Amino acid sequence: MSPTYYLLLSALLFAIGAVGVLVRRNAIVVFMCIELMLNAVNLTLVTFSRINGQLDGQVMAFFVMVVAAAEVVVGLAIIMSIFRTRRTASVDDANLLKY
Amino acid sequence: MNAPLNVLVAAAETTSELPHVGPATGMASLAWLLFVLPAAGALVLFVAGRAANKWGHWLGVLTVVASFALGLAIFLETVGLPAEERTREISLFDWIAVAGLHVDFGLRLDPLSLTFVLLITGVGSLIHIYSTGYMGHDPGRRRFFAQLNLFVAAMLVLVLGNNFVMLYLGWEGVGLASYLLIGFYQDRPSAATAAKKAFLMNRVGDVGLAIAIFLLWTNLGTVQYTEVFENIGTLDAGVLIAITVLLLLGACGKSGQFPLQAWLPDAMEGPTPVSALIHAATMVTAGVYLIARTHPIYDLTTTGRLVVALVGVVTLLIGAIIGCAYDDIKKVLAYSTVSQIGYMFLAVGLGPAGYALGIFHLLTHGFFKAGLFLGAGSVMHAMNDDVDMRRYGGLARYMPITFITFGLGYLALIGFPFLSGYFSKDAIIEAAFAEPGWQGWAFGGAATLAAGLTAFYMTRLVLMTFFGEKRWEKLKSADGRDYHPHESPISMTAPMIVLALGSIGAGFLLSNGHVLIDWLAPSLGELEEHAAGGALPHEIVPWIVVGFSALGVLIALLVVGGRPTPVERPEPVSLPVRAARRDLYANAINEALIARPGVWLSRALVYVDNRGVDGVVNGTAAMLGGSSGRLRRLQTGFVRSYALSMLGGTVLVVAALLAVRFA
């Protein structure tokens, strides 16, 4: 199977994730979309690793996973505390930090 | 460029033999006490404050007299040595040692510096004694003596130093003392202004001196007199001329020579003893000392010497012309000083034919001009401190000692035969006439003319002060008191008598048998005899000079003595008198050429600063403030709009990369 399909799939996933981040208001969904984008990138990395016959890309993917796990922990904690104080998980309502 | 200049510079081999310099022994090793004594006196008087009010002035007198006694002892010891051993140096301590610059705090005892030591401490002692009477009732008496002591100390450092940096130290020291003493009556705005004027105009000259020293150091790597003079022949002609002209600028500033002469008459705001000591006998002659001291440099460049002589000639004419028009007794004497120092500059500008003559005139002038100033002070003392000669008249009967001593000083100054000025001034005029070519006629002629003018203005001064109608009888002084002229106390008349004796005898004693000239030879080189081929032979010059002086006296007798003197200044007067009353427009020229353009320049700079520099700075700040005020609207607080802009940015970057890659 040609690696191009993998790349196309990852591009599609990334696009879905990006659109999700831009259009959805629920912080949890936005968060999941970010995860989607990260995993799309992971898929690209693994694909290129395969194409080039080197393991660098796969190693990189592990790094991304680790970072993503850490990010999920911090991100969810922030979303939790915002929800507790403001009783909402909408990213548009958390707009105090502005001009 | 260099070729024509090189012609002007005599070969280095022709310079006069530099004297052998030996170490100082005996009395001479105590020479540091010469200036330490007055300096200590000044320090005690400044620090002790009011506690010293009672006895302070006697301490001031004591230190200077002690310094004079020591100077006399060193002088007598030096006279006992053979001529070639009379130049001695003492190194006191390392003063400045930084990288390549090494300055010794060392003294040079040679005939020239010892001559000055005797003049400074001798006349200084007399004037200190005089001041105990003159300043007797002044509340600032202790401060006065402290500053006078400071002056003597600084002046001695100036003449005793064995390098240019010590000269500069003394130079600035006397400048400071002069500033303090001109502004001694601090409550008078005119005195404060005169002090500032003197200080500022001196700075102009001092900058010249400083640059000359820098030039010497960068070119020769030393500021020690002996080393500089040994190696001066290796310099380029252009550098040499620059150094001589810059040294001359320094000398002009200190000595009130053209074009920096305007401060000296204003300096008469100071107490009269100050005028006598600083602004007649010693400090203002420092310029002559500087040129005589650096004569090995001037020996090498005729151009440099010509400039000195020209400055002297211009100044002696200016001083004599303006002296004829003033009614202020001290200012007439001040312009007379300017003019006489012009003679000294002319003399040292003549080179080896004149260095010693300049110093000779400096010494005799020190006697009679100090005497004249002290006499003027005595007259002022008697006349409620009034200086306007139009309010004097007929004072000879009331103050006979002042009249006789003043009269002797007057005769010496106008060159009455066989008094001091006759020997010294005539010698200079003879040497001027002995110059070849146009210089002989120009220099000699101007000096002779000025001698006639000198006789005129001094006769006018004496007639208006001591003879004629007693104009003061019907007048009151500015503070409403009647005039009661009286002779001054002994403390004032005694120094005047001593100086008058000097005015009579100094010229003959110093010139008889070339005493002074031979004594100065180790420092200044042998005096060159008049070469044949000058403008006028020296046999007939004295007759011409005396003739001109007699003519000046005669005209004054007819014009001033022949009719009553009006108490109010006559107005209007002819153009030359008007010009002379206004200092030949020296102040106006200074103001038009320097002060006003300076003000304009600073105004223009203020404008550029306010509008230009501040405009750029404020404009930048306003622009950044305004644009950020608009740009901050982008910070909406909506996370999703940020995400969109990040996405847009990323797309842009990727597109740009792709465009570069595939274009």
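Scoring rules and cut-offs
- Residues numbered from 1 in each chain as written.
- Chains lettered and ligands numbered in written order.
- Predicted model: local features only at pLDDT ≥ 70, side-chain atom pairs only at ≥ 80, totals over all residues.
- Heavy atoms only, no water.
- Contact = heavy atoms within 4.5 Å.
- Buried area = accessible area lost by both parts, 1.4 Å probe.
- Salt bridge = Lys/Arg side-chain N within 4 Å of Asp/Glu carboxyl O.
- Polar contact = N/O pair within 3.5 Å; in protein donor to acceptor, adjacent residues only side chain to side chain.
- Nonpolar A, V, L, I, M, F, W, Y, C, P; charged D, E, K, R; others polar.
- Buried < 20%, exposed > 50% of the residue type's maximum accessible area, 1.4 Å probe, protein only.
- Helix = DSSP H or I, 4+ residues; strand = E, 2+ residues; numbered from the N terminus.
- Pairing = 2+ DSSP bridges.
- Expected span 1.5 Å × (residues − 1).
- Axes fitted to C-alpha atoms, helices over the stretch in contact; angles between N-to-C directions.
- Left-handed = near helix turned anticlockwise from the far one by under 90°.
- Phe/Tyr/Trp six-rings, centres within 6.5 Å; stacked < 30°, edge-to-face > 60°.
- Lys NZ or Arg CZ within 6 Å of the ring centre and 35° of its normal.
- Patch = residues over 30% accessible without salt bridge, like charges linked within 9 Å, V, L, I, M, F, W, Y side chains within 5 Å.
- Areas by Shrake-Rupley, 256 points an atom, 1.4 Å probe, with all protein chains shown as cover.

**Concerning the interface of chain A and chain B**
So, point 1. Contacts between the two partners involve 13 residues from chain A, matched on the other side by eleven residues from chain B.
So, point 2. Buried surface at the junction of chain A and chain B, both sides included, amounts to about 1100 Å², of which 61% is carbon and sulfur.
So, point 3. It is Leu-22, Asp-92 and Tyr-99 of chain A in chain A that bury the most area against chain B; as a group they hold 55% of the surface buried on that side.
So, point 4. The closest approach of N and O atoms between Asp-92 of chain A and Arg-640 of chain B, which form a salt bridge, is 2.6 Å.
So, point 5. Applying the counting criterion to the chain A and chain B interface returns three residue pairs in polar contact (both at pLDDT 80 or more).
So, point 6. Looking at the side of chain A that touches chain B residue by residue, the classes come out as eight nonpolar, one polar and four charged.

**Digging into the pairing of strand S3 (residues 101–109) of chain B**
Residue and element names in this part refer to chain B.
So, point 1. Along S3, seven of the nine residues are buried, which leaves the element largely enclosed by surrounding structure.
So, point 2. As paired strands, strand S2 (residues 88–98) and S3 are joined by nine bridges and run antiparallel to one another. Bridge pairing in S3 places Asp-94 opposite Asp-104.
So, point 3. The antiparallel pairing of S2 with S3 creates a hairpin that spans two residues between the two strands, and Ala-99 there sits at a positive phi of about 45°.

**Focus: the sheet that holds S3 of chain B**
So, point 1. Ordered by their spatial adjacency, three strands build an open sheet running S1-S2-S3 (chain B), and the pairing between neighbours is mixed. The open sheet has two edge strands with one neighbour each: strand S1 (22–23) and S3 of chain B.

**Details of helix H3 (residues 56–86) of chain A**
Residue and element names in this part refer to chain A.
So, point 1. The first and last C-alpha atoms of H3 sit 44 Å apart over 31 residues, in line with the 45 Å expected at 1.5 Å per residue.
So, point 2. Among the residues of H3, Gly-57, Ala-61, Val-64, Ala-68, Gly-75 and Ile-79 are the ones counted as buried.
So, point 3. Buried positions along H3 lie against helix H2 (27–52).
So, point 4. One or two positions beyond H3, positive phi appears at Arg-87, with a value near 55°.

**Focus: the packing of helix H16 (residues 355–382) of chain B against helix H17 (residues 400–413) of chain B**
All names here are of chain B.
So, point 1. Packing of H16 against H17 leaves a shortest axis separation of 9 Å and a crossing angle of 145°. Crossing hand, H16 versus H17: left-handed. Of H17, the residues touching H16 (which contributes Phe-368, Lys-369, Leu-372, Gly-375, Ala-376, Ser-378 and Val-379) are Thr-402, Phe-406, Gly-409, Tyr-410, Ala-412 and Leu-413.
So, point 2. Considered class by class, the residues forming the contact of H16 with H17 number eight nonpolar, four polar and one charged.

**Re the packing of aromatic side chains**
Residue and element names in this part refer to chain B.
So, point 1. In total, this model carries 23 aromatic pairs over all chains according to the counting rule given.
So, point 2. A ring pair is formed by Phe-75 and Trp-519, whose centres lie 5.1 Å apart and whose planes are at 80°; its orientation type is edge-to-face. Remark: Trp-519 occurs in helix H21 (residues 515–524) and Phe-75 occurs in helix H3 (residues 56–79); sequence separation between them is 444 residues.
So, point 3. Where Phe-184 meets Tyr-185, the ring centres are 5.4 Å apart and the plane angle is 70°; that geometry is what we call edge-to-face. The two residues Phe-184 and Tyr-185 agree in class, both being buried.
So, point 4. Through a chain of ring-to-ring contacts, three or more aromatic side chains come together here, namely Phe-35, Phe-93, Trp-95 and Phe-105.
So, point 5. Above the ring of Phe-199, the side-chain terminus of Arg-203 is found at 4.2 Å from the ring centroid.

**Looking at the side chain of Ser-339 of chain B**
All names here are of chain B.
So, point 1. Within the secondary structure, Ser-339 is located in helix H15 (residues 329–349).
So, point 2. Within the structure, the side chain of Ser-339 is placed 3.2 Å from the backbone oxygen of Leu-316, a separation counted as a polar contact.
So, point 3. If we ignore the near neighbours within four places in the chain, the residues touching Ser-339 are Thr-315, Leu-316, Gly-319, Ala-320 and Tyr-457.

**What to know about a nonpolar patch on the surface**
Residues and elements named next belong to chain B.
So, point 1. A cluster of nonpolar side chains, Leu-551, Leu-554, Ile-555, Leu-557, Leu-558 and Val-559, forms an exposed patch at the surface whose accessible area comes to about 530 Å².
So, point 2. Here Ile-555 lies in helix H22 (residues 541–561).
So, point 3. Relative accessible area serves as the criterion here: at 40%, Ile-555 is assigned to the partly exposed category.

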